[in-house]
Amino acid sequence: MPDVRAGDRVGRRPQLDRMHMALTEVLTGEFRAVAVRGEPGIGKTSLLTELAGRAEGAGLVVLRGRATEFEQNIPFGVFIDAFEQFEHLAETHALDAELADVLSVLRAAALSRADDRPVEMDRYRLFRGVRRLFERQSGRGILLVLDDLHWADPASLDLAEYLLRRPPRAALLIAVAHRTAQPPRGLADALTYLASAAVQFELQPLRKADVAAMFPQSSARRHRLLHRATHGNPLYLQALADTDDQTLTSLVGQAVDDQAIPEQVLLDVLSAELGALQPAVLSVAQAAAIAGDPADPALVAWVADVPDDAVSAAFDQLSLAGVMVAEGPRFRFRHPLVRTAAYWMARPAWRTEAHSRGAQYLRQRHGALLLLAHHIERSAQPGDELAVATLTEAAMASQHAAPATAARLVRRAMQLLPDQSGLDDHWGELRLLLARTLARSGELIESRRLLHEAIRCDGSYRRDAVNSMAAIDRMLGQFDEAKTLLAEELERLPDTDVTTAQTLLELAAVELFRHDVSSLRRHAARAVEILRGSGNIALEATAHSLLSLSFLQSGDIADARTHIDRAARQTDGATDALLLTELVTVAPLAWVELHLQQYDRAERHLSRGIDIAISSGLTHSMPYLLIVDALARTRRGRLTQALEAAEEALEYSRIMNATETAAMAEIVRLCPILWQQGSRAALVLVARATRPTATWWSKIARLNLATVHLATGQFDLCLSELDGEDPDVYSLALRAVASARLGRAAEGRRQADTALDQAHHSGLTHQLGTAFDARARANIALGNLDEAESDATKAAVNFADAQAPIDEGRTRHLLAILYARTGQRDQMHAELGQAKSLYTACSATWLTASLARDELRFAARGPRTRNPSGGGLATLTPREREIVDLVTAGLTNREIAERLYVSKKTVEAHLSRAFSKLDVRSRVALTRRVTAGDPDSQ
């Protein structure tokens, strides 16, 4: 019988060459992916084996994992075997503690025991940890093989998709294989996202010439028979290699031209091969199919209910027959379809009993909880309360790292519950657990449906269901629905109960997003009254935080400070365990502290909240915390960290399908991308941004969008974005500058004055800096350069006090331009230097480049000497001369308009008059006239 692997390599030269090219690119430090798809038995695994051999020969670390048909409920199953090499590195201290922890969590998610500490690392943190693992260990290059992904568990598919969508910055080749008709969800899109970094192909059946190469001793007639009977399928070719010509002729008559061999035909052939085994040997093969692939001999003996020595003898026979191969102390089927055939050949009742014996074996030896649950799922009978308890325990152990697996286990536990009479609370608790696991896996709509059912049942779990449903409504942007739900719940509750306070605070949070400040304040104040003296400091901190936020939004800064200070003291006095129950406190607390310029306190509270959320697996809190964190870091000029926080918030939101927080995460990326990557990158993001539904967040989004439009010269769009906005300091300042740039300088000055009045009322230096900066730019448009210089200086001082380096840098950049226009070159250089230092410290690349261009322009203008031979420049007005100098420096009319805060038409009018006075007809002639010198030009 020929080696099927050799058969797979015959006729596969083009595919091997493409895989080898990807491998070569990885050796230069690049990331690449290879995806092989094809029908069952077509040779996908053998091709990956050949790739692995070449990678090992080139010095790469090879990690191999394979999904199995009957263990699709074991989370991260395809990665467990693959990462054994990394576990060896951890044992030899090659990994730091954090990455070693990632490996242990990954393994524990699948193989933890019943008495082990539950795995609480959330999926996203785990995924990021795996990505960093590759980045830290890719010195020699790594090949990660993920075979048979059509059978992979949901957690493995999520991790594989994550690695393809966010490739590690490492010399890494990820090679995957799956059946053509069973493409894993998300894989195709992820591979498309990689574009040229991914090699994809479908394996086609072997040709007649390939069959001839496999069987060189056979006749041409037999080659034709084999090819027609098997349609060039290597596994089928191997199975029929010793079949006589008469049987082959019969099979050819049954074959359908141009169609792949159906899986059932392959299974029938393999079943016939297994049927030739002795009954005792076949029984062991069937027990091995149930025990796992690879199979542990001790477990196989227990499942088959035969002595160990009989199992050893049977494995010898199976190895000789080519059915199984030794893999260390365990045994693996030569092909997954061989295992499938062995499994389904067993009688149904025997299979159920065998799974039951497998569960008994694992329970007695405190085996892996999810492996135990795997056998219980296939053997437990309705009413088995021990099975229900085990499945529930397994679901709770896997709910953070593998919520889809947990949801399936809960559903199975609910199917096994005894008659529901007298078990309403148990049923309700399981339904609540199912809803929460579905929410964690991103199935928010189905989770909401289950919670709605739980609320209607009106059990002891009702309040938890109401609060969970309100939280999901917030993530989906369904704030009116959340308000109605919570308002109805309040009517059922007593006036002064802690439960009432909790519901009031949930309702206050909804009103915050709806931007109903009076309702927010009313509910939060009532909760404060109820909780006074209750001793529940974490819940009271939430009440004071929300109440403070209501005062901040209405401009009552003193009251905002009073309540946020109280909230901060209570938060700092709460233990992590107590704060865990009210983790929603931290985001509004830090938000107020950020806007009251209490940055260190905000940073400390956010860091603690994020640490608690990560350690407890409360991923639904992470987007809110990270969004505030991104805004805080943007304010303080930590642009790279701000982008990281925003992108992390976006990833968490996408994993949970939380559309509202995903939209806001996109918005908070805008300014960091603008200041770092420039207008083009920011406008691309603007074009694809989705607006948040929440009125409060929508207001913040519009301010960010208007900022981008203003910075990119789209002044009309800036103003239209702000139409209908409440006239606060920030929206007034943006309007003032946009109006001035559109030639409505007087209107811009009035808006800036109004902003300054509001800023003086608040006393917050960031607001004062914003208002003074806007008035400086309006004064420039009015030609009031002395006033502009004074306002810009005050703005810079206030921004420095507010620890807002980007804003300070932009104002100092403006001062440099002013000083250049008024000939104060020493001051100009001083402001340029300060702006450059600020931009550089913030990694504001785009702003730094803009500053560098101005430096060159100022240097080109330089001080000029008088030329007594000329005349005419003295007739120009100061504004005309300024525009002429900018034309000479090479600026276009649009660029001059942006520089001088006037409209393009204004520039054209001044330039036309200058042409007439100097008797020139082109910009070239104008430049020659100026550079030739003029006695009045100074």
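**Q** In this structure, what is going on with the overall build of the protein chain? I would like to understand it.
**A** Each helix and strand in the protein chain was counted, giving 51 helices and seven strands. Here the C-alpha coordinates of the protein chain stretch approximately 110 × 75 × 50 Å along the principal axes. Considering the protein chain as a whole, with its 938 residues, one finds that 58% of them fall into the buried category. Sequence separation of at least 24 residues holds for 70% of the intrachain contacts in the protein chain that already meet a minimum separation of 6. When the accessible surface of the protein chain is summed, it comes to about 37,900 Å², and 50% of that surface belongs to carbon and sulfur atoms. Side-chain charges of the protein chain comprise 108 positive and 119 negative groups, with the mean position of each set lying 7 Å from the other.

**Q** Is there a simple way to think about the packing of helix 30 (residues 557–573) against helix 32 (residues 586–595) in this case?
**A** Describing two packed helices takes the angle between their axes plus the distance from one axis to the other. Following both chains from N to C, one finds helix 30 and helix 32 inclined at 130 degrees, their axes separated by 10 Å at the closest point. Taken together, the axes of helix 30 and helix 32 are oblique relative to one another. Handedness of the helix 30/helix 32 crossing: left-handed. Counting all contacts with helix 30, which are made through Ile564, Ala567, Ala568 and Thr571, the residues of helix 32 involved are Leu589, Val592 and Glu593. Here the contact of helix 30 with helix 32 is built from residues that sort into five nonpolar, one polar and one charged.

**Q** Before we go on, may I ask you to explain the nonpolar core in this structure?
**A** Proteins that are soluble and globular tend to have nonpolar side chains buried together. By size, the foremost hydrophobic cluster in this structure holds 254 residues, and its most contacted members are Phe83 and Leu144. Ranked by size, the runner-up nonpolar core spans 24 residues in total, among them Ala22, Leu23, Ala55 and Val199.

**Q** Whenever I open this one, the packing of aromatic side chains confuses me. Can you help?
**A** How two aromatic rings sit relative to each other is given by the distance of their centres and the angle of their planes. This structure, assessed with the given rule, holds 16 aromatic pairs. Counting every residue linked through ring pairs, the aromatic cluster contains Phe479, Phe513, Trp591, Tyr624, Trp696 and Trp697.

**Q** Got a minute to help me understand the side chain of glutamate 489 in this structure?
**A** Along the chain, the position of glutamate 489 falls in helix 26 (residues 479–492). Looking at glutamate 489, its side chain comes within polar contact range of the side chain of arginine 462, at 2.8 Å.

**Q** What exactly am I supposed to notice about the packing of helix 37 (residues 670–677) against helix 38 (residues 679–688) here?
**A** It is at 7 Å that the axes of helix 37 and helix 38 come closest, and there the two elements cross at 155 degrees. As the angle between them shows, helix 37 and helix 38 are arranged roughly antiparallel. Contact residues: Leu670, Ile673, Leu674 and Gln677 in helix 37; Ser679, Ala681, Ala682, Leu685 and Val686 in helix 38.

**Q** What's the story with the environment of phenylalanine 772 in this structure? I'm lost.
**A** Relative to the helices and strands, phenylalanine 772 resides in helix 43 (residues 765–782). Sequence spacing of phenylalanine 772 and phenylalanine 127 is 645 residues, and the spatial spacing of their C-alpha atoms is 46 Å. Setting aside residues up to four positions removed in sequence, phenylalanine 772 forms contacts with Leu756, His760, Asp791, Lys794, Ala795 and Asn798.

**Q** Sorry if this is basic, but what is going on with the pairing of strand 3 (residues 142–147) here?
**A** Looking along a regular strand, one sees the side chains alternate between the two faces of the sheet. Along strand 3, six of the six residues are buried, which leaves the element largely enclosed by surrounding structure. In the sheet, strand 2 (residues 61–66) pairs with strand 3 via six bridges, with the strands oriented parallel. Considered in strand 3, the bridge of arginine 66 is made with aspartate 147. Inspection of the sheet shows strand 3 paired to strand 4 (residues 172–179) by five bridges, in the parallel sense. Within strand 4, the residue paired with leucine 146 across the bridge is valine 176. Once you follow strand 3 into helix 8 (residues 154–165) and on to strand 4, the crossover reads as right-handed.

**Q** Where do I start with unusual backbone geometry in this structure?
**A** Aspartate 293 connects to proline 294 through a cis peptide bond whose omega is 5 degrees. If you trace the backbone, proline 294 turns up in the loop between helix 15 (279–291) and helix 16 (297–304). Phi at histidine 515 takes a positive value of approximately 60 degrees, unusual for a residue other than glycine. Turning to its location among the elements, histidine 515 is positioned in the loop between helix 27 (498–514) and helix 28 (517–531). Among the residues examined, histidine 515 registers a relative accessible area of 22% and is labelled partly exposed. The phi torsion at glutamine 803 lies on the positive side, around 55 degrees, for a residue other than glycine. Relative to the elements of secondary structure, glutamine 803 occurs in the loop between helix 44 (785–801) and helix 45 (805–821).

**Q** In this structure, what is going on with the sheet that holds strand 5 (residues 198–202)? I would like to understand it.
**A** Backbone-to-backbone hydrogen bonds pair the strands of a sheet. The strands run either parallel or antiparallel. One open sheet holds the five strands; their spatial order is 2-3-4-1-5, and the pairing between them is parallel. Strand pairing shows two members of the sheet lacking a second neighbour, strand 2 and strand 5, which therefore form its edges. Within this sheet the neighbouring strands show an average axis-to-axis angle of 10 degrees, counted without direction. Against the sheet, helix 8 contacts strand 1 (31–38), strand 3 and strand 4, and its axis sits at roughly 135 degrees relative to strand 1.

**Q** Whenever I open this one, helix 7 (residues 123–136) confuses me. Can you help?
**A** Residues separated by three or four positions in an α-helix point in the same direction, a consequence of the helix having 3.6 residues per turn. Relative to the 20 Å expected for 14 residues at 1.5 Å per residue, helix 7 spans 20 Å between its end C-alpha atoms, a close match to the ideal helical length. Looking only at helix 7, the buried set comprises Arg123, Tyr124, Leu126, Phe127, Gly129, Val130, Arg131, Leu133 and Phe134.

**Q** Could you clarify how one ought to interpret helix 41 (residues 729–741) in this entry?
**A** Here helix 41 contains 13 residues, and its C-alpha end-to-end distance of 19 Å stays within 8% of the 18 Å for a straight helix at 1.5 Å per residue. In terms of residue burial, helix 41 counts as a mostly covered element, since twelve of its 13 residues are buried. Buried residues in helix 41 make contact with helix 39 (695–711), helix 40 (715–721), helix 42 (745–762), helix 43 and helix 49 (893–900). In the segment just after helix 41, glycine 743 is the residue with positive phi, at about 90 degrees.

**Q** I'm lost on the side chain of threonine 707 in this one. Help?
**A** Within the secondary structure layout, threonine 707 lies in helix 39. Engagement of the side chain of threonine 707 in a polar contact is seen with the backbone oxygen of leucine 703, the distance being 2.8 Å. Residues in contact with threonine 707, not counting those within four places in the same chain, are Cys671, Leu674, Trp675 and Leu734.

**Q** Even after reading the chapter, I still don't get the environment of leucine 873, so can you show me in this structure?
**A** Here leucine 873 shows up in the loop between helix 47 (845–861) and helix 48 (878–888). The spatial distance from the C-alpha of leucine 873 to the C-alpha of aspartate 919 is 11 Å, given a sequence separation of 46 residues.

**Q** Looking at this structure, how should I read the pattern of salt bridges?
**A** When their charged atoms lie close together, side chains carrying opposite charge are able to pair. Across all of its chains, the model carries 58 salt bridges by this definition. For aspartate 629, the salt bridge goes to arginine 633, with nearest N and O atoms at 3.0 Å. A residue pair is termed a helical-turn pair when its members lie 3 or 4 positions apart in one helix, as aspartate 629 and arginine 633 do in helix 34 (residues 622–635) at four residues. For aspartate 629, a relative accessible area of 8% translates into the label buried. Glutamate 831 is paired through a salt bridge with arginine 812; the nearest N and O atoms lie 3.1 Å apart. Of this pair, glutamate 831 sits in helix 46 (residues 825–841) while arginine 812 sits in helix 45, placing them 19 residues apart in sequence. For glutamate 831, a relative accessible area of 9% gives the class buried. Here the residues in one salt-bridge network are Arg66, Asp148, Asp293, Glu327 and Arg332, joined through shared partners.

Cut-offs and rules
Residues numbered from 1 in each chain as written. Predicted model: local features only at pLDDT ≥ 70, side-chain atom pairs only at ≥ 80, totals over all residues. Heavy atoms only, no water. Helix = DSSP H or I, 4+ residues; strand = E, 2+ residues; numbered from the N terminus. Buried < 20%, exposed > 50% of the residue type's maximum accessible area, 1.4 Å probe, protein only. Contact = heavy atoms within 4.5 Å. Areas by Shrake-Rupley, 256 points an atom, 1.4 Å probe, with all protein chains shown as cover. Lys, Arg positive; Asp, Glu negative; His and termini not counted. Charge placed at Lys NZ, Arg CZ, Asp CG, Glu CD. Axes fitted to C-alpha atoms, helices over the stretch in contact; angles between N-to-C directions. Parallel < 35°, antiparallel > 145°, perpendicular 65-115°, else oblique. Left-handed = near helix turned anticlockwise from the far one by under 90°. Nonpolar A, V, L, I, M, F, W, Y, C, P; charged D, E, K, R; others polar. Core = buried A, V, L, I, M, F, W, Y, C linked by side-chain atoms within 4.5 Å. Phe/Tyr/Trp six-rings, centres within 6.5 Å; stacked < 30°, edge-to-face > 60°. Polar contact = N/O pair within 3.5 Å; in protein donor to acceptor, adjacent residues only side chain to side chain. Pairing = 2+ DSSP bridges. Right-handed = clockwise from strand over helix to strand, strands pointing away. Expected span 1.5 Å × (residues − 1). Salt bridge = Lys/Arg side-chain N within 4 Å of Asp/Glu carboxyl O.

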